[in-house]
Amino acid sequence: MRNKEEIKEVLDYFQTMDDKELKFDEEAILTAYQKKEDHQSLAIKILSIFGGISAGLVFLGALFITGIYDSDSGLLAFGVVAIIGGVFINKFFDKLIIDTISVSSYIIGFILLGVGMFKMEASENTVCFLFILIAIASLLIVRSYIISFISVLIINGSILALLLFNNNFFGIQMYTCVLAIMVTVVFLKEAKIISIHPAFSKLYNPVRIGLIFSFLAGLVLLNKSDIPDISINYLWISSAVIILTILYVLSYLFEVLNISQTKQKAGIYIVSTVILLSTLLSPGVSGALLIILLSFLVNYKTSFVIGIIAFICFISQYYYDLHFTLLTKSIFLFSSGVLFLGLYLLTHKKLTSNEKV
């Protein structure tokens, strides 16, 4: 629907589908679609983020050369000004080049603020809590995709840093469990979330992708075998929560695939549970599966690709993990293969004739 004529055709079609007269604001609808088309793709936004980071690092190098690193108050003041500037520049301007400038300023501000506070001997906990508060405030003020996305990463990154600084490795498991539930709710309750308030509709996409990356960060930490405090005997806790979440997501897939018979549902639940139990000591694999299923369910291609890449990485890491015997790895890989073949056959069988290639 790129022009007035195409939009009018669609509106006329809806008009003929209802006996009552329907009224539409054609100009408002056209304006909304034109505005949507002007938005940059996710790839461009990611490039903008990396461009902002690169520019920020170069600018930081120039600042440290001038000697600002020797002034604690200078670091703090410049950091606060940079964060405020990044937030409000993005709030009042909606251009790609402005996004890059605001991202650079925002990231520079956090780096300078953190360095300044550490030079003033502030504790790690204080710095992390301050970062969380600033990032939350930024989310409330700004509706920009990039700043909101970075703010979500800062919030969750600071929470993980708090857990690591305090050697609370069990807390990392709880963090991962909470993120698994949050990601599932955000994916499955999209309509309800964005209808709560107009601000939620603008924040939904950056928050969703930010939660995915944050969830993966927790899974990466849980799958790092060189962290001795994360006992392999307790990894099943986070895996169990993720597996239960996957089984819950299956109930939504039944509706999409028109599976209504109780015997079929029970059989799928039993087979899925048995196969997923093989991932009990590898939460990264089950977590990646959760992302793949959710993305498939809502047709979110970006996170679907992210989930597949994460699944391959976690499978590879699992294969080279010395904590498990070769027999255990073989059983796990075999079960994973059966699971994916079963999902393929199930979805392929339910495709309608006009959907088949």
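Asker: What am I meant to see in the nonpolar core here?
Answerer: Proteins that are soluble and globular tend to have nonpolar side chains buried together. Counting residues in each nonpolar core, the largest one holds 76 residues, and the members touching the most others are Tyr106, Ile150, Ile212, Phe215, Leu216 and Leu290. Of the residues forming this core, the biggest block, 12 residues, is contributed by helix 7 (residues 145-165).

Asker: Help me out: how do you make sense of the packing of aromatic side chains in this one?
Answerer: Working definition: an aromatic ring pair is given by the centre-to-centre distance plus the angle between the planes. Counting across every chain of the model gives 6 aromatic pairs. Arranged with centres 5.4 Å apart and planes meeting at 70°, the rings of Tyr248 and Tyr252 form a pair that is edge-to-face. Separated by 4 residues within a single helix, Tyr248 and Tyr252 lie in helix 11 (residues 236-256), roughly one turn from each other. A connected cluster of aromatic rings, assembled from ring pairs, spans Tyr106, Phe110 and Phe131. Directly above the ring of Phe187 sits Arg208, whose terminal nitrogen or CZ lies 5.5 Å from the centroid. Of note, Arg208 hangs over the ring of Tyr300, and the distance from its end group to the ring centre comes to 3.7 Å.

Asker: Explanation requested: helix 13 (residues 283-298) in the structure shown.
Answerer: Three or four residues apart is the spacing at which side chains of an α-helix point the same way, because the helix has 3.6 residues per turn. For helix 13, spanning 16 residues, the distance from its first C-alpha to its last is 23 Å, which sits close to the expected 22 Å at 1.5 Å a residue. Across the 16 residues that make up helix 13, a large majority, 14, are buried. Note on helix 13: the residue one or two positions beyond its end, Asn299, has a positive phi of about 60°.

Asker: Would you mind showing me how to read the environment of Leu294 here?
Answerer: Along the chain, Leu294 turns up in helix 13. Along the sequence, Leu294 and Val249 sit 45 residues apart, while their C-alpha atoms lie 7.2 Å from each other. Discounting residues that sit within four places of it in the chain, Leu294 has contacts with Val183, Thr184, Phe187, Leu188 and Val249.

Asker: What am I meant to see in the side chain of Ser295 here?
Answerer: With respect to the helices, strands and loops of the structure, Ser295 is situated in helix 13. Excluding its chain neighbours within four sequence positions, the residues that come into contact with Ser295 are Phe187, Tyr300, Ser303 and Phe304.

How each quantity is defined
Residues numbered from 1 in each chain as written. Predicted model: local features only at pLDDT ≥ 70, side-chain atom pairs only at ≥ 80, totals over all residues. Heavy atoms only, no water. Core = buried A, V, L, I, M, F, W, Y, C linked by side-chain atoms within 4.5 Å. Buried < 20%, exposed > 50% of the residue type's maximum accessible area, 1.4 Å probe, protein only. Helix = DSSP H or I, 4+ residues; strand = E, 2+ residues; numbered from the N terminus. Phe/Tyr/Trp six-rings, centres within 6.5 Å; stacked < 30°, edge-to-face > 60°. Lys NZ or Arg CZ within 6 Å of the ring centre and 35° of its normal. Expected span 1.5 Å × (residues − 1). Contact = heavy atoms within 4.5 Å.

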